[in-house]
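Here is what each chain is made of, one letter per residue.
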Amino acid sequence: MDHQTLAKIVDDAGRQGLNRRSFLRLGAAGAGSLLLTPASARAATKTRSSARIVIAGAGAAGLAAASHLAACLEGASITLVDARKEHFYQPGFTLVAAGIKPMSYVVSATRDYLPAGVELIEEAVAEFDPEGNKLVTASGKPVPYDYLIVATGLKLDYAAIAGMEVEQIGNNGLGSIYHSPAKAEATWRAMSNFADTGGVGVFLRPGTEMKCAGAPLKYTFITDDYLRRRGNRGKAELVYNANNKALFSVPIVHEKVRMLFEDRGVKVNYERILESVDIGRKLAVFKTPIGPVELQYDFINVIPPMRAPDPVRNSPLRWQEGGWANDGWIEVDKHNLRHKRFANVFALGDVAGVPKGKTAASVKWQVPVAVDHLLASIEGRESSAHYGGYTSCPLITRLGQAMLVEFDYKDNLVPSFPGVIAPLEELWISWVMKTMALKPTYISMLRGRA
Ligand SMILES: Cc1cc2nc3c(=O)[nH]c(=O)nc-3n(C[C@H](O)[C@H](O)[C@H](O)COP(=O)(O)OP(=O)(O)OC[C@H]3O[C@@H](n4cnc5c(N)ncnc54)[C@H](O)[C@@H]3O)c2cc1C
C-alpha cells in the first residue's frame, strides 16, 4: 500500500468512522506492527530437494517459517516439533487483560495453520545436539536434520521471583498479563477491581531481555485510563519501576513515554528489579542500587524475567560469552539469523540472541530473510537477504489511542507510513491497527501470506 492510499484511508476513516471497506483495505495492507509485505520467499517454481528441515517450536516464527519453506520446496521433508496443541495470539493478551477482547480472541489450534505436507511432532524438544545434527524429543525420540530452525520462543521465569505463585494471578490484586490467555483474563478482573477502588498500582519490567517491551508500559496507561473513566484516579497512585535508567531502549521513545507518564501523574522509579512478592501481605520487594526496597501495593502487574527455554539454554547453541550467554539466547548473526558456529542452524523470533526483535512484527521480517539464506544453501547460491532489526510496538496510551513505534537495530525510528502516521503521536488510527487490523495480518503471516 502506498502512502497516498493509506493517507486516504486515514482521512476517510477520520471523517466517516472506520467503515468495513476501509478496514479491509487496511488489514489487507498488512497494517499495524506487522506492517508492509517483505519480498515474499515464495518462488514461482519450487526447488526440488530431499533436505530434511526440522523446526523446533510451532509458534509465530515456526509456523511462518514452515509456510514459507513449504511454498518454496518440493520433495523436502519439513517437520515441526512442539508439544503445545493450542496457538496463542500473544499480541492480543494485552487486549484481553484490558477487558476489550474475550479469551477466545487469542486462542486457536496449531494444526489450523499447518501447511500441507508439513509433519507436526507433538512433543517438546528435550535436547539439541548440533554436533550430531539431531535433536531429541521429550520421549527420547531422535530427530535428525540437514537444517534446523530453532523457534522455541522464550521461558517466562516466574520461579525466579521469590514468593510468586502463578495460580494466584487474579487474586489479591495480583496480575500478570504475560502468563497465558486465562491469566490475562484473570488480570483484567484484578485490574478492574482496582480501578473501582483505587489504591497503589505497581508496574514493572524484568531485568532480562523481554518480548514486547512496550507491553508493561501499555498496561500502565490502560490502568490509568480505567481509573479516570471510573472517577477514581484521584484515589490512586501509579508507580512504574524501570529495570535500568530508561523506560524504553530507544532514547526518543523513552523521552516521549517519560513525558506522558509525567502528564498522567505516573510516578517512575529507575533501576528497580522485582525480587520477591508476598501475595498475602501485598508487598513487593525490589532490588535497587541502594539495597532492597519494599513497595506496598493494591494491584501489581508482575512481569517475570525471560530466558531461553532450558533445552536451548543447556545446549551448545547459546552464546558462549557476553551478556546473552547466561540467559541462553542463541548465537546468531543479527543480519541473517544464521548460527555463528553451526552453519546449518538458524534461530528465529524471541529465542534469537539479537539486540532487538522480540516481537511478532520482527518475526515477520526475520522469517523471509532466514528462509532465503537456508534456500540459498540448498540451491548453492549466495543470499543477500538482510534483517535490519525491525521491531515494532503499537503502544496504547489510553483506550482509543496508540503510538505506532517502529525502530531498528540502530534505534532509528523506521515508520512504515512517514508523513501519514507519526510514530510518536497518540493516534486513533494506530489504536485501530492494534485492536482490529493486526490479528488478520498476524494470521496471514502464519500462513506465509504476509
Ligand atoms: C503480553 C504480550 C504482548 C505482546 N504484544 C505484541 C505486540 O503488540 N506486537 C508484536 O509484534 N508482538 C507482541 N508480542 C510478542 C510476540 O507475541 C512474540 O514476540 C512472538 O510470539 C514471538 O514468536 P516466537 O515464534 O518466537 O515465539 P512463540 O510465538 O511464543 O512460539 C514459541 C513456540 O515454541 C514452543 N516451544 C517452547 N519450548 C519448546 C521446546 N522445548 N520444544 C518445542 N517447542 C517449544 C512453544 O510451545 C510455542 O508454541 C507480545 C507478547 C506478549 C506476551
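This one's a predicted model, so the numbers in the text were calculated from it and none came from an experiment.

Parameters and conventions
Residues numbered from 1 in each chain as written. Predicted model: local features only at pLDDT ≥ 70, side-chain atom pairs only at ≥ 80, totals over all residues. Heavy atoms only, no water. Helix = DSSP H or I, 4+ residues; strand = E, 2+ residues; numbered from the N terminus. Rg over C-alpha atoms; globule rule 2.2 N^0.38 Å. Buried < 20%, exposed > 50% of the residue type's maximum accessible area, 1.4 Å probe, protein only. Contact = heavy atoms within 4.5 Å. Lys, Arg positive; Asp, Glu negative; His and termini not counted. Charge placed at Lys NZ, Arg CZ, Asp CG, Glu CD. Expected span 1.5 Å × (residues − 1). Bend = angle between axes of the 7 residues up to and from the residue. Near = heavy atom within 4 Å. Polar contact = N/O pair within 3.5 Å; in protein donor to acceptor, adjacent residues only side chain to side chain. Areas by Shrake-Rupley, 256 points an atom, 1.4 Å probe, with all protein chains shown as cover. Nonpolar A, V, L, I, M, F, W, Y, C, P; charged D, E, K, R; others polar. Pairing = 2+ DSSP bridges. Axes fitted to C-alpha atoms, helices over the stretch in contact; angles between N-to-C directions. Phe/Tyr/Trp six-rings, centres within 6.5 Å; stacked < 30°, edge-to-face > 60°. Lys NZ or Arg CZ within 6 Å of the ring centre and 35° of its normal. Salt bridge = Lys/Arg side-chain N within 4 Å of Asp/Glu carboxyl O. pLDDT = per-residue confidence, 0-100. Parallel < 35°, antiparallel > 145°, perpendicular 65-115°, else oblique.

Across its full length, the protein chain carries 10 helices and 24 strands. Compactness check: the protein chain gives a C-alpha radius of gyration of 22 Å against a globular reference of 22 Å for 450 residues, within 12% of the reference. Expressed as lengths along the three principal axes of its C-alpha atoms, the size of the protein chain is roughly 65 × 50 × 35 Å. Scored against the burial criterion, the 450 residues of the protein chain give a buried share of 59%. Taking the contacts inside the protein chain whose residues are at least 6 apart along the sequence as the reference set, 66% of them involve residues at least 24 apart. Separation between the mean location of the 52 positive side-chain charges and that of the 45 negative ones in the protein chain comes to 4 Å.

Given a rise of 1.5 Å per residue, 20 residues ought to cover 28 Å, and the 28 Å separating the end C-alpha atoms of helix 9 (residues 360–379) matches this to within 8%. Of all bends in helix 9, the biggest is about 30°, found at Gln366, and the proline Pro368 comes one to four residues later. Among the 20 residues of helix 9, 15 are classified as buried, and the element is accordingly described as predominantly covered. Remark: Gly380 follows helix 9 within two positions and exhibits a positive phi of approximately 70°.

Further remarks concern the site of the ligand. Close to the ligand lie 32 residues; Ala61, Asp82, Val125, Asp350 and Lys434 are nearest. Interatomic distance of 3.1 Å between a backbone N/O atom of Ala60 and an oxygen atom of the ligand. Asp350 places a side-chain nitrogen or oxygen 2.8 Å from an oxygen atom of the ligand. For the ligand, the accessible surface in isolation is 1000 Å², of which the surrounding protein chains cover 93%. Top contributing element to the shell around the ligand by residue count: helix 9, with 3 residues. When the residues that make up the shell around the ligand are grouped by side-chain class, the tally is 16 nonpolar, 9 polar and 7 charged.

In spatial order, the strands read 8-9-10; together these 3 strands make up an open sheet with antiparallel pairing. Both outer strands of the open sheet, strand 8 (125–129) and strand 10 (142–144), are each paired with one neighbouring strand and no more. Sheet twist, expressed as the average angle between the axes of neighbouring strands with direction ignored, equals 25°. Of the strand pairs in this sheet, strand 9 (residues 134–137) and strand 10 are connected by 3 bridges, and their pairing is antiparallel. Each residue of the ladder has a partner; that of Val136, found in strand 10, is Pro142.

A few words now on the sheet that holds strand 16 (residues 266–269). Read from one edge to the other, the open sheet built from 5 strands follows the order 13-20-14-15-16, with strand pairing classed as parallel. Among the strands making up the open sheet, the edge pair consists of strand 13 (174–175) and strand 16. Relative to strand 16, strand 15 (residues 236–241) runs parallel, the two sharing 4 bridges. Bridged to Tyr240 within strand 16 is Val268. Helix-sheet contacts for helix 6 (residues 215–229) involve strand 14 (199–204), strand 15, strand 16 and strand 20 (299–301), and the interaxial angle to strand 15 is about 175°.

Another point: the packing of aromatic side chains. Inspection of the entire model under this criterion finds 13 aromatic pairs. Where Tyr240 meets Phe261, the ring centres are 5.6 Å apart and the plane angle is 45°; that geometry is what we call tilted. Placement of Tyr240 in strand 15 and of Phe261 in helix 7 (residues 251–264) is noted, with a sequence separation of 21 residues between them. Both residues of the pair, Tyr240 and Phe261, count as buried. Over the face of the ring belonging to Trp329 we find Lys358, whose NZ or CZ atom lies 4.2 Å from the ring centre.

So, on to the environment of Thr208. Locating Thr208 in the fold gives a position in the loop between strand 14 and helix 6. The class for Thr208 is buried, based on a relative accessible area of 11%. Taking the C-alpha atoms as reference points, Thr208 and Phe417, 209 residues apart in sequence, are found 31 Å from one another. In this structure, Thr208 is in contact with Pro305, Met306, Arg307 and Asp327, ignoring residues within four places of it in sequence.

For the rest of this paragraph, the subject is the pattern of salt bridges. Throughout the structure, instances matching the rule amount to 23 salt bridges. Glu122 is the partner of Arg111 in a salt bridge, and the nearest nitrogen-oxygen pair spans 3.3 Å. Of this pair, Arg111 sits in the loop between strand 6 (107–109) and strand 7 (119–121) while Glu122 sits in the loop between strand 7 and strand 8, placing them 11 residues apart in sequence. Note on Arg111: relative accessible area 45%, which makes it partly exposed. Note on Glu122: relative accessible area 32%, which makes it partly exposed. Several salt bridges share partner residues, and in doing so they unite Asp263, Arg264, Arg398 and Glu426 into one network.

This part covers the confidence of the model for the protein chain. Put simply, the protein chain has an average pLDDT of 92, and 90% of its residues get 70 or more. Per-residue pLDDT stays below 50 along residues 13–33; that stretch engages in 41 contacts with residues further than four places along the chain or on separate chains. Segment residues 35–42 is flagged for pLDDT under 50; beyond a separation of four residues in sequence, or across chains, it makes 30 contacts in the model.

Here we take up the packing of helix 3 (residues 60–72) against helix 10 (residues 428–446). Packing of helix 3 against helix 10 brings their axes to within 7 Å, and their N-to-C directions diverge by 55°. Taken as axis vectors, helix 3 and helix 10 run oblique relative to one another. On helix 10, the residues touching Ala60, Leu63, Ala64 and Ser67 of helix 3 are Tyr442, Met445 and Leu446. Among the residues forming the contact of helix 3 with helix 10, the class breakdown is 6 nonpolar, 1 polar and no charged.

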